Amino acid sequence: MRGSTHALKAMGGALAAVLSATALTGCGGGVSTGGSGPDGIVSSSWGDPQNPLEPANTNEVQGGKVLDMLFRGLKRYDPRTGAAQDMLAERIDTTDSITFHITVKDGWSFSNGEKVTARSFVDAWNYGAYLKNAQKNAYFFGYIDGYDQVHPAEGDPTATTLSGLTVTGDRTFTVRLSQKFSTWPDTLGYAAFAPLPRTFYDDHAGWLAKPVGNGPYSVDSYVRGSQMSLRRWDGYPGPDKPLNGGVDLRVYIDNNTAYTDLVAGNLDLVDDVPASQLRNVKQDLGDRYINTPAGIIQTLAFPYYDKRWNTPNGYKLRTGLSMAINRPSITSRIFRNTRTPAKDWTSPVLGVDGGFKDTLCGDSCVYDPARARKLVQEGGGIPGGTMKISYNADTGSHKEWVDAVCNSINNALRSDRACVGNPLGTFADFRNQVTQSKMSGPFRAGWQMDYPLIQNFLQPLYYTGASSNDGKWSNRTFDGLVDRANAESDTATAVRTFQQAEEVVRDQMAAIPLWYQNGSAGYAPRISNVALNPFSVPVYNEIKVA
Amino acid sequence: MGRYVIRRLLQMIPVFFGATLLIFLMVNVMGDPIAGLCGQIQCDPATTAQLRAQYGLDKPLWQQYLTYMGDLFRGDFGTAFNGQPVTELMAAAFPVTIRLTLVAICFEIVIGITLGVLTGLWRGRPIDTGVLLLTLVVISVPTFVTGLLLQLLLGVEWGIIKPAVSPGAPLDELIVPGLVLASVSLAYVTRLTRTSIAENARSDYVRTARAKGLPRRRVVTRHLLRNSLIPVVTFIGADIGALMGGAIVTERIFNIHGVGYQLYQGIVRQNTQTVVGFVTVLVLVFLLINLLVDLLYAVLDPRIRYA
């Protein structure tokens, strides 16, 4: 009896030892919400980046957010207007829209002291394009001559560097494209085109553990999956110097918790207010809630590889379906006005000069049940009498709006079984079925722009065989107009030609535009001057701490 | 005893292989993980092929499983999609979840058994009825409701705790999440102890002990409790594994970056390496704790002996 009590006591002791031991190991990552004035630290919500934080490998918002603080490229998109402005580019000259002569500004360096030269760009682009590095943004270099050799569609690459890139001096290099693309320099603000320091290649693992860039912030500490502390880099030569001391990005599993933390005063900035909290946001935050347009559009795409959806009169059916959707009602009821009913296939962030045209879709995007019924009938009716809208049920509030869209269509067409939602378990599963062309009916298609150009809203989505043309839509007139627009050396004419191409998309109703998505954010009283850029990412360097 | 332990350890081997194979198959049935990696944009075929080769997804499934198991025995759990070795993820996640589980278990033992003894000894009294009602409420309310409610009240309204646990997850911040995680099991432990105590309180050996004139305290702790704890220990033992795997809800609410979080990420991103790795370790934990529980019987009740 005695012995067993000892055993129990020993167990208790062991338990206590484990508790204290694990407690010790966990003491490393304390949170500091400290400082005020120009040295104050802003704490902000973050999601775990899906991919390693390499510029040419980061294709989602969470990783892009960090790259935007760590890197500056040749161009930068104005956080308010979205216009591409020179950053490290002193000049980009071309006479034929094919060969571009680029001069890099003097006096820039990486935060480890290494100078930013023409090589920093050329090496980084070659790395990004090379197939063996399996960079997910490799296609951004696809316009540069020699891409087929370093990144062939099949088989092994026959070259390691792009033949279209030539270093001509310490700060100069030339880029030769494989086709005319007059607005190509405006794409250079995208993170994939960022320069990289030598340590990226020499000590890759070390660089990933603590990335080094040339932007206004440098990484102070990074615990993958939980927190990254960025601090103002005082050697930064750019015009957009931070107005705060740094930013702590904290990973939240659920953005509801981030919002709760903000309301409780433990977090300064939430850059994605969850849909379920939109009801309380005015009461909780007052005017510290931001809701501004972003370069994101939601559409319904169709499987053109399915004969039933690709009939000569199909455009009438699709236009009819578009007119059966009551956009204003859904955006106000389900999204509480964080979406704006779509009036074309681009985004308001482009501005009128950039190609946004709120009259382009016209009647085809306005709820009109009577005409919808007529057009659907003329278009041959819904194949099989029932259509399923596929979506992924794991993220976002897709279920709610898909059900609402179906409701609207069913009401307009006076049929209970015209439309029904088809949830798929995960995003990967959804993408899997989309890319394998297995959709039997319309499916949700969201598009977040890579760069604020009308080209980016049309070519990747509707050009024959384009990377995101998931519905496999193909139209010769559209393709011709896009080619012409790309070759146009005058920007205004190029935009106008793109709009003509967009009219083809409208007439054929290649995809039904639903709504533009807004960026939504909320912040604490101790910070001010908070804004979201057209990519719905906070403009961190402009945030002031009281 | 020694032979029994060895036999049990050997039994673990087929269970281990079977469980990992099942998980491996299940994750693979979910579809192609590469499809979700490029976001809204379709990865170009060449990059897809390259990634597939990099993660070994281009091989037939049986070969993938064999390679995976081979690597496993060399301590290599593969690489997650964000470029981190899975062992690194485990090193970050398991200490946090173990701490959370221990906090929960402590609550179960201390509060659960105390309440169980009290109600068992005072059956039918107001305290008994009160605790029974309370446990009924706790059992019937889902964990996420309890969690969100406590987070809102203690974290936002009264400002006693931080609504989200900081990345290091220190012990003091884990008290409320631990209580939430423990809540349902705690109620079961209370009820289990109560029934067991009430049953044994009328047994002969307790009457004998009392007749010998032993102090009430000694009768309860040494004679009554010791024999009544056997079913409770079984339950708590089995619960350790369940708590570790089931912490997903609690971890999500309180933003604790533990096993639940990594499993969730792994499943959403269809990351075979992460899911299989973490589940494998959880299976091992389950098996070992089950063994430990069985061995504890012998300590609690010398009549139970294994040949």
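Small disclaimer: the values here were computed from a predicted structure and weren't measured. Sequence order sets the numbering: in each chain, residues are counted from 1 along the sequence as written. Chain labels run from A onward and ligand labels from 1 onward, assigned in the order the entries are written. Note on the predicted model: pLDDT of at least 70 is required for a residue's local features to be given, and 80 or more for side-chain atom pairs to be given and counted; whole-chain, interface and lining totals, by contrast, use all residues. Side-chain metrics in this entry use all non-hydrogen atoms of the structure; hydrogen atoms and water are not considered.

## What about the packing of helix α8 (residues 204-211) of chain B against helix α9 (residues 216-246) of chain B?
Residues and elements named next belong to chain B. It is at 10 Å that the axes of α8 and α9 come closest, and there the two elements cross at 170 degrees. Of the possible angle classes, the one that applies to α8 and α9 is roughly antiparallel. Within the contact between the two elements, α8 uses Tyr205, Val206, Ala209 and Arg210 and α9 uses Val219, His223, Leu224 and Asn227. Residues of the contact of α8 with α9, tallied by class, amount to 5 nonpolar, 2 polar and 1 charged. Structural elements are reduced to axes, namely lines fitted to C-alpha atoms, with helices fitted over the stretch in contact, and the angle between N-to-C directions of any two is expressed from 0 to 180 degrees. Numbering goes from the N terminus for both helices and strands, where a helix is a DSSP run of H or I of at least four residues and a strand is a run of E of at least two. The scheme is simple: roughly parallel for angles under 35 degrees, roughly antiparallel for over 145, roughly perpendicular for 65 to 115, oblique for anything else. Any two residues having at least one pair of non-hydrogen atoms within 4.5 Å are treated as being in contact. When residue character is reported, Ala, Val, Leu, Ile, Met, Phe, Trp, Tyr, Cys and Pro are called nonpolar, Asp, Glu, Lys and Arg charged, and the others, Gly included, polar.

## What to know about the domain arrangement of chain B
You'll often see interface size given as the accessible area lost when the parts meet. Residues and elements named next belong to chain B. For chain B, the assigned domains read domain 1 (1-76 + 270-306) and domain 2 (91-269). The C-alpha centroid of domain 2 is placed 29 Å from the C-alpha centroid of domain 1. The interface of domain 1 with domain 2 comprises 21 residues on the first partner and 21 residues on the second. As a working definition, buried area equals the accessible area (1.4 Å probe) given up by two parts on being put together, with both sides summed. With both chains or domains summed, domain 1 and domain 2 bury close to 1,800 Å², and 76% of this area falls on carbon and sulfur atoms. A per-residue breakdown of the area domain 1 buries against domain 2 is headed by Phe278, Leu282 and Leu300, which together make up 33% of the total. Any Lys or Arg side-chain nitrogen found within 4 Å of a carboxyl oxygen on Asp or Glu counts as a salt bridge. The interface formed by domain 1 and domain 2 contains 0 salt bridges. The source of the domain bounds is an automatic or database domain assignment.

## Some details on empty space enclosed by the protein
All names here are of chain A. For cavity detection a 1 Å grid was placed over the protein atoms alone, and a set of points counts as a cavity when a 1.4 Å probe fits there but cannot get out; an open set counts as a pocket when protein lies on both sides within 12 Å along at least five of seven lines, with lining residues being those that have an atom within 4 Å of a point. Grid points are joined across faces, edges and corners, and a volume is the space filled by probe spheres set on the points. Enumeration over the complete set of coordinates arrives at 9 cavities of 30 Å³ or more. Considered as a void within the structure, the largest cavity measures approximately 160 Å³ in volume. Around the largest cavity, the lining is made up of 19 residues, and of these Ala301, Ala445, Leu461, Ser468 and Asp470 lie nearest the centre. Breaking the lining of the largest cavity down by element, the ones donating at least two residues are β12 (289-301), β16 (443-448) and α15 (454-462). Looking at the lining of the largest cavity element by element, the count peaks at 4 residues for β16. Its residues assigned to classes, the lining of the largest cavity comprises 11 nonpolar, 6 polar and 2 charged. In this structure, the second largest cavity occupies an estimated 130 Å³ of space.

## A word on the domain arrangement of chain A
All names here are of chain A. Here the domain parsing of chain A yields domain 1 (1-70 + 205-268 + 524-546), domain 2 (73-107 + 117-194) and domain 3 (292-519). The partner domain 3 presents 11 residues to the 5 residues of domain 1 that form the contact. Summing both sides of the interface, domain 1 and domain 3 together bury roughly 550 Å²; the carbon and sulfur share of this comes to 65%. The three residues of domain 1 that bury the most area against domain 3 are Leu532, Pro534 and Phe535, which together make up 75% of that side's buried surface. Linking domain 1 with domain 3 are 0 salt bridges, by the criterion used here. A 3.5 Å cut-off defines polar contacts: any pair of N or O atoms within that distance qualifies, except that in protein one atom must be a possible hydrogen donor and the other a possible acceptor, and neighbouring residues in sequence count only when both atoms are side-chain atoms. Linking domain 1 with domain 3 are 2 residue pairs in polar contact (both at pLDDT 80 or more), by the criterion used here. In terms of residue class, the side of domain 1 that touches domain 3 is made up of 4 nonpolar, 1 polar and no charged.

## Here we look at the UniProt feature "transmembrane region" (unreviewed entry) in chain B
The UniProt record annotates "transmembrane region" (unreviewed entry) at residues 12-30, 96-118, 130-154, 174-193, 224-249 and 275-300 of chain B. End C-alpha to end C-alpha, residues 275-300 of chain B measures 37 Å, and it is 100% helix and 0% strand. UniProt positions are given in the numbering used here, feature names are shortened, and annotations may be inferred rather than shown by experiment.

## Looking at the sheet that holds strand β5 (residues 99-104) of chain A
Residues and elements named next belong to chain A. Here, any two strands with at least 2 DSSP bridges between them count as paired. Pairing is antiparallel across the open sheet formed by 4 strands, whose spatial order is β4-β5-β7-β6. Each edge of the open sheet is held by one strand with a lone partner, namely β4 (89-94) and β6 (165-167). Adjacent strand axes in the sheet meet at a mean angle of 20 degrees, parallel and antiparallel pairs treated alike. Summarising the sheet, β4 and β5 pair through 5 bridges and their orientation is antiparallel. Note that in β5 the partner of Asp93 across the bridge is His101.

## Quick look at the pairing of strand β8 (residues 217-223) of chain A
Residues and elements named next belong to chain A. Two strands pair when backbone bridges link them, and β8 and strand β9 (residues 227-232) are joined in this way by 6 bridges, in the antiparallel orientation. In the sheet register, Tyr222 faces β9, and the bridge partner there is Met228. In this antiparallel pair of consecutive strands, β8 and β9, the connection spans 3 residues, and Gly225 shows a positive phi of 85 degrees.

## What about the nonpolar core?
Counting 142 residues, the largest nonpolar core has Trp125, Trp184 and Leu321 of chain A as the members making the most contacts within it. At 8 residues, the largest contribution of residues to this core is made by helix α13 (residues 398-413) of chain A. Sequence-distant contacts of Leu321 of chain A, that is, excluding residues within four places in its chain, are made with Phe302, Trp309, Val376, Ile382, Met387, Ile409, Leu413 and Ile512 of chain A. Only buried residues count toward a nonpolar core. Its members are Ala, Val, Leu, Ile, Met, Phe, Trp, Tyr and Cys residues joined through side-chain atoms within 4.5 Å. Burial classification: accessible surface area is computed with a 1.4 Å probe over protein chains only, and a residue below 20% of its type maximum counts as buried, one above 50% as exposed, and the rest as partly exposed. By size, the runner-up hydrophobic cluster in this structure holds 72 residues, among which are Leu100, Val232, Ile253 and Leu263 of chain B.

## Some points on the packing of aromatic side chains
All names here are of chain A. Whether two aromatic rings pair depends on their centres lying within 6.5 Å, for rings of Phe, Tyr and Trp, where Trp uses its six-membered ring; planes under 30 degrees apart make the pair stacked, over 60 edge-to-face, and the rest tilted. Under the counting rule described, the total for this entry stands at 37 aromatic pairs over all chains. Summarising the aromatic geometry, the rings of Tyr77 and Phe535 are spaced 5.8 Å apart at their centres and angled 45 degrees between planes, so their arrangement reads as tilted. Here the residue Tyr77 occupies a position in strand β2 (residues 75-77), and Phe535 occupies one in the loop between β18 (527-528) and β19 (544-545), the gap between them amounting to 458 residues. By relative accessible area, Tyr77 is classed as buried at 8%. Taking the relative accessible area as the measure of exposure, Phe535 reaches 17% and is therefore buried. For the ring pair Phe200 and Tyr201, a centre distance of 5.3 Å and an interplane angle of 85 degrees mean the geometry is edge-to-face. Overall, Phe200 belongs to the buried group, its relative accessible area being 1%. Among the aromatic side chains, those forming a connected cluster through ring pairs are Phe100, Phe121, Trp125, Tyr139, Phe140, Phe141, Phe173, Trp184, Tyr190, Phe193 and Tyr451.

## Looking at the UniProt feature "domain: ABC transmembrane type-1" (unreviewed entry) in chain B
The residues that UniProt annotates with the feature "domain: ABC transmembrane type-1" (unreviewed entry) are residues 94-297 of chain B. Counting secondary structure, residues 94-297 of chain B comes out at 81% helix and 0% strand; the distance between its end C-alpha atoms is 28 Å.

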